[in-house]
Amino acid sequence: MTEKNILLICGGGASSGFMAQNIRKAAKKRNVELNVMARSESEVDEYLNEINALLIGPHLQYMEEDLKAKVKPYNIPAVVIPQTIYGLLDGNKGLDLILELLDEK
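Only a predicted model underlies this, so the values are computations on that prediction, with no experimental measurement involved.

A. Here's a closer look at the side chain of Ser-40. Note on placement: Ser-40 falls in strand β2 (residues 34-40). Once you skip the residues sitting within four places of it in the chain, Ser-40 turns out to touch Ile-9, Cys-10 and Gly-11.

Now the structure itself:
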């Protein structure tokens, strides 16, 4: 698999930064080529031509439909990260979520 660019968004970027870091660590251990960037939801438009998947922080679930509509023309799959994964900052389960998402594309 060639390196994939994943955008992980949340409100401010702090908790998503830790989540992204843990996913990167898990990917490295499993030899998965992945670039995970954590950004604010206001920055999504800037990355539409660069990303392969969009992960949405659970606290932004109310924006899910709007965000999915925004990335659909670019064929970018998007999913809200379950609170059980996000709350624990579980990089391995976050990576599993990404891999499932990319398979569905």
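Picking up after the structure, the text goes on.
B. Geometry of helix α1 (residues 14-29). Its 16 residues place the ends of α1 23 Å apart at the C-alpha level, agreeing with the 22 Å of an ideal helix rising 1.5 Å per residue. The set of residues buried in α1 consists of Ser-16, Met-19, Ala-20, Ile-23, Ala-26 and Ala-27. In an axial view of α1, the angular spread of the buried residues amounts to 125 degrees, which keeps them on one side of the axis. Of the exposed residues in α1, those oriented more than 90 degrees away from the buried face are Ala-14, Phe-18, Lys-28 and Lys-29.

Rules used throughout
Residues numbered from 1 in each chain as written. Predicted model: local features only at pLDDT ≥ 70, side-chain atom pairs only at ≥ 80, totals over all residues. Heavy atoms only, no water. Helix = DSSP H or I, 4+ residues; strand = E, 2+ residues; numbered from the N terminus. Contact = heavy atoms within 4.5 Å. Expected span 1.5 Å × (residues − 1). Buried < 20%, exposed > 50% of the residue type's maximum accessible area, 1.4 Å probe, protein only. Arc of directions from axis to C-beta.

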